[in-house]
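Listed below are the residues making up each chain.
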Amino acid sequence: MDIMSRFSRKQIVALSVAALAIAAIAIAAISVCCSHHTYPRELVATDTLCENDPDSAEALLHRMPDNVLAAKPDRMYYDLLRIKASNNLYEPQKDSTIFRIVDFFEHYGDKEKLFQAYYYQGKYYVQHNDAPQALKCFQKALDMSDDNTPLAFKSKIYSQSGTLFFYQNLFDDAIAMYEKSFKCDSVLNDTVDMVHSLRDMAQTLRHMDKKARSEQMLVEAYDMSKKIKDKALTQTISLVLASLYLDNNEVNRAYGIFCNELKHVDADMQSPVCCLAMEIYFKENRMDSVYSYCKQLMSNGTLFAKETALRRLIAYHNSKGDSASSNKCVYEYISISDSIRKISAVETVSRMHNLYNYGLKEKENTELRIENIERLYALGFVILFSSLLIVILAYINVKRQKRIIEFKRLNEHLAEMNERACVQNRIITEKDKAEISRLKEILDKQGAEQLDVVNEYQNRLSMLEGIISEKDKTVESERIKIFDIISNSISKNKIISPDSWNEIYEAMDISCPQFKKKLFELSSLKSREYKICILVKLGLQNSDIATVMCRKANTITYSRANIYKKLLGKEGTAKDFDKFIKSL
């Protein structure tokens, strides 16, 4: 605060403006230095192909000239495009290149590329069954997103996050992610992805045993797929809807969808469609049709489909009394079930590991959040305390500066009053001397005949001169003494001590012998009231008296009026009081 007190308010404002200007220049310089790099047009053109034509994009990347990749940002962008193209071709990431890309763009400052890098890093973790790390990367990407982020990309991240939550049985979180993905697709008017989002939400609701709401979403998705005349998409939704009807024992509705939409499907859908048809015919007890579809599943079905088919074949052969064929199917069923259990055990362990990791990460994140909140509270308390301390110190400094100014002004006023008193005393002395000279002249005219009378007058005049001279010196010295006491106390920033006040009382008794007597004859005054009377008698102004008495100016004004009423028994103003005191 001592340093700050050396600067005036204008200087402080000027320094603040200068600091802001320097900060603005620094920010501008940083912005210029960190401006976006202009990537080669070959890479930008390839980027536009990665989404809709990844084969062509990958071919262009393989033929990319070396001179295009001279700068490191361009090489990192090139590696990112290779991962992007491979991902759209459903090829897994073969190495950990994505980590180098993320590390580079985190420090380079290209927000758009870093957003994409976080997404593909999340995809890398998905491929390695590390759901917590994948979700963390997806969340980083979402945290970076803004109004300029492509909605299609955000929709992908929401959808991927929803799937990760779904496989960890976190269905509420999965629904929330799928809904956000659907909203992005709705803004883009992307019907295909809207249908996929509705399907994913319906499947999740089905696992939450909310089958009515699941059916509504699947019917809506079915209508949308029919509207855009996408046969493959319609068949995908029809399969899920028919499976839901079958779970609800609505066999006729499931059979109707099968006959209308799923009689002729592509090879990649044959296994689930055959499995659906087998279950429908089994519930209708049409065992010959069940046997036909079981044979198809045993030829080209998945491992899980074959297990279901073998169960139905065992039932079929038992109904026919063919124990040999039934036993053969039992042995095959046991073998396939063992394989499925091994696969399921591995998946269960992996899921439990992921759930444990996710729970552990959540616990760590919760602890970190609590720790960060505690740090923020501590920092806030420190900042608040420091701010309060600065405000208090600033207030004290302002008050001290104000008091110094008041003391300086009071000292000047006391010096001026002292000088005025000295001048007044000199004037009075001059008048007395003039009177003595006049008397001497009168005596000189009297003559020798009145010599005795003259001598007597001369003796009296000499005595009078001595008394006047001594009195003038005494009054002047006592007044100076009073002013010195007040001035010394003020210059040392101290309150006038009781001993000093006693000295002032004695000096007043000498310089104004009748002053105290006349006051106390009128009324008995308190010590504080008598002090105010003395200061008024000395000629101090109201603000000066407030400074000396360490009181507010309004308090002194109020006290002066009260003392006037106490002395004279009538109402009066502070000015009336001053006039009366000076007349004593």
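Before reading on, note that the structure itself is shown above.
Everything quoted here is computed from the prediction, not taken from an experiment. Here, residues in each chain are numbered from 1, in the same order as that chain's written sequence. For this predicted model, a pLDDT threshold of at least 70 governs which residues receive local features, and a threshold of 80 or more governs which side-chain atom pairs are given and counted, while totals over whole chains, interfaces and linings are taken from all residues. For the side-chain quantities, the full set of heavy atoms in the structure was used; hydrogens and water were omitted.

## Things to note about the overall build of the chain
To keep things clear, this is the line we draw: We count a stretch as a helix when DSSP gives it H or I for four or more residues in a row; a strand needs E for two or more, and each element gets its number in order from the N terminus. For the area figures, the Shrake-Rupley method with a 1.4 Å probe applies, and any residue is considered shielded solely by the protein chains shown.
Tallying secondary structure elements over the chain gives 24 helices and zero strands in all. Surface accessibility of the chain: about 35,100 Å² in total, with carbon and sulfur atoms responsible for 55%.

## Focus: the pattern of salt bridges
Keep this limit in mind: Basic side-chain nitrogens of Lys or Arg form a salt bridge, by our definition, when they fall within 4 Å of a carboxyl oxygen of Asp or Glu.
Across all of its chains, the model carries 17 salt bridges by this definition. In this structure, Asp 200 and Arg 199 form a salt bridge, with 3.1 Å as the shortest nitrogen-oxygen distance. In this structure, Glu 284 and Arg 286 form a salt bridge, with 3.1 Å as the shortest nitrogen-oxygen distance.

## Quick look at unusual backbone geometry
Notably, Asn 169 is not glycine yet its phi reads approximately 65°, a positive angle. With a phi close to 60°, Lys 229 is a non-glycine residue in the positive phi region. Along the chain, the position of Lys 229 falls in the loop between α11 (211–227) and α12 (231–247).

## Here we look at the nonpolar core
To keep things clear, this is the line we draw: We define a nonpolar core as any set of buried Ala, Val, Leu, Ile, Met, Phe, Trp, Tyr and Cys residues linked to one another through side-chain atoms lying within 4.5 Å. A simple rule labels every residue: compare its accessible area, found with a 1.4 Å probe on the protein chains alone, to the largest value its type can have, and call it buried under 20%, exposed over 50%, or partly exposed in between.
Counting 97 residues, the largest nonpolar core has Leu 43, Ile 98, Ile 101, Ile 157, Phe 258 and Met 278 as its most contacted members. Formed by 33 residues, the second largest nonpolar core is a distinct cluster that contains Met 508, Leu 525, Tyr 530 and Ile 532.

## Let's talk about the environment of Glu 91
Rule in force here: Whether two residues touch is decided by their heavy atoms; if any such pair falls within 4.5 Å, the residues are in contact.
Locating Glu 91 in the fold gives a position in the loop between α4 (72–88) and α5 (97–108). Using a relative accessible area of 31% as the deciding quantity, one classes Glu 91 as partly exposed. Not counting residues up to four positions away in its chain, the partners in contact with Glu 91 are Glu 58, Ser 86 and Gln 127.

## A look at the packing of aromatic side chains
As a reminder of what qualifies: Two aromatic rings, drawn from Phe, Tyr or Trp (for Trp, its six-membered ring), form a pair once their centres lie within 6.5 Å of each other, and the interplanar angle then sorts them: stacked below 30 degrees, edge-to-face above 60, tilted otherwise.
Applying the stated rule across the entire model yields 23 aromatic pairs. Ring centres 5.7 Å apart and planes at 85° place the aromatic pair Phe 99 and Tyr 125 in the edge-to-face group. With Phe 99 in helix α5 and Tyr 125 in helix α6 (residues 111–127), the pair connects residues that are 26 residues apart, well separated along the chain. Here Phe 99 falls in the partly exposed class, since its relative accessible area comes to 28%. Assessed through its relative accessible area of 15%, Tyr 125 is described here as buried. Taking the centre distance of 5.7 Å and the plane angle of 55° together, the rings of Phe 166 and Phe 171 count as tilted. Taking relative accessible area as the criterion, Phe 171 reaches 16% and is therefore assigned buried. One aromatic cluster is present, built from ring pairs that chain together Phe 115, Tyr 119, Tyr 120, Phe 138 and Phe 153.

## Quick look at the packing of α12 against helix α13 (residues 251–261)
What counts here: Inter-axis angles, ranging from 0 to 180 degrees, are taken between N-to-C directions of lines fitted to C-alpha atoms, where helices are fitted over the stretch in contact. Note on angle classes: values under 35 degrees are labelled roughly parallel, values over 145 roughly antiparallel, values of 65 to 115 roughly perpendicular, and the remainder oblique. By definition, any crossing whose near helix is turned counterclockwise from its far helix by less than a right angle is left-handed, and any crossing with a clockwise turn is right-handed.
In contact at an axis separation of 8 Å, α12 and α13 are set at 160° when each is read in the N-to-C sense. Classified by the interaxial angle, the pair formed by α12 and α13 is roughly antiparallel. Pair α12 / α13 crosses with left-handed handedness. For the pair α12 and α13, contact is made by Thr 234, Gln 235, Ser 238, Leu 241, Ala 242, Tyr 245 and Leu 246 and by Val 251, Arg 253, Ala 254, Ile 257 and Glu 261, respectively.

## As for the layout of surface pockets
So the rule is basically this: In the cavity and pocket records, a cavity denotes points on a 1 Å grid over the protein atoms alone where a 1.4 Å probe fits but cannot get out, a pocket denotes an open set with protein on both sides within 12 Å along at least 5 of 7 lines, and lining residues are residues with an atom within 4 Å of a point. Grid points are joined across faces, edges and corners, and a volume is the space filled by probe spheres set on the points. Just so you know the grouping, Ala, Val, Leu, Ile, Met, Phe, Trp, Tyr, Cys and Pro go in nonpolar, Asp, Glu, Lys and Arg go in charged, and all remaining residues, Gly too, go in polar.
The computed volume of the largest pocket comes to approximately 1,400 Å³. Sorting the residues of the lining of the largest pocket by element identifies α2 (41–50), α4, α6, α8 (151–167), α9 (171–188) and α10 (191–207) as the ones contributing at least two each. Per-element accounting of the lining of the largest pocket gives the leading share, nine residues, to α8. For the lining of the largest pocket, the class distribution of residues is 13 nonpolar, 18 polar and 14 charged. Considered as a void within the structure, the second largest pocket measures approximately 770 Å³ in volume. Along its surface, the second largest pocket is lined by 21 residues, and Gln 203, Arg 206, Ser 243, Pro 272 and Cys 275 are the ones closest to its centre. Listed by contribution, the elements that provide at least two residues to the lining of the second largest pocket are α10, α12, α14 (267–283) and α16 (303–320). Here the residues of the lining of the second largest pocket are counted per class, giving nine nonpolar, six polar and six charged.

## Section: a nonpolar patch on the surface
Definition in use: Like charges within 9 Å and nonpolar side chains (Val, Leu, Ile, Met, Phe, Trp, Tyr) within 5 Å are joined into patches, using only residues over 30% in relative accessible area that form no salt bridge.
Residues Phe 381, Val 382, Phe 385, Leu 388, Leu 389, Ile 392, Leu 393, Tyr 395 and Ile 396 make up a contiguous nonpolar surface patch of roughly 890 Å² in combined accessible area. Locating Phe 385 in the fold gives a position in helix α17 (residues 323–446).

## Quick look at helix α22 (residues 542–549)
When you tally the buried positions in α22, you get seven out of eight residues, the bulk of the element. Every buried residue of α22 is listed here: Asn 542, Asp 544, Ile 545, Ala 546, Thr 547, Val 548 and Met 549. Remark: Cys 550 follows α22 within two positions and exhibits a positive phi of approximately 60°.

## Let's talk about a negative patch on the surface
Note the following rule: The convention is simple: Lys and Arg are positive, Asp and Glu are negative, and His and the chain ends are not counted. One atom stands in for each charge, and that atom is NZ of Lys, CZ of Arg, CG of Asp or CD of Glu.
A cluster of acidic residues, Asp 499, Glu 503, Glu 506 and Asp 509, forms a negative patch at the surface. Mapped onto the fold, Asp 499 is located in helix α19 (residues 498–511). Among the residues examined, Asp 499 registers a relative accessible area of 57% and is labelled exposed.

## Notes on the packing of helix α21 (residues 527–537) against helix α24 (residues 574–583)
Where α21 meets α24, the closest approach of the two axes is 9 Å, and the angle between their N-to-C directions is 75°. The angle between α21 and α24 falls in the class roughly perpendicular. Within the contact between the two elements, α21 uses Ile 532, Cys 533, Val 536 and Lys 537 and α24 uses Phe 577, Asp 578, Ile 581 and Lys 582. Of the residues belonging to the contact of α21 with α24, the class tally is five nonpolar, no polar and three charged.

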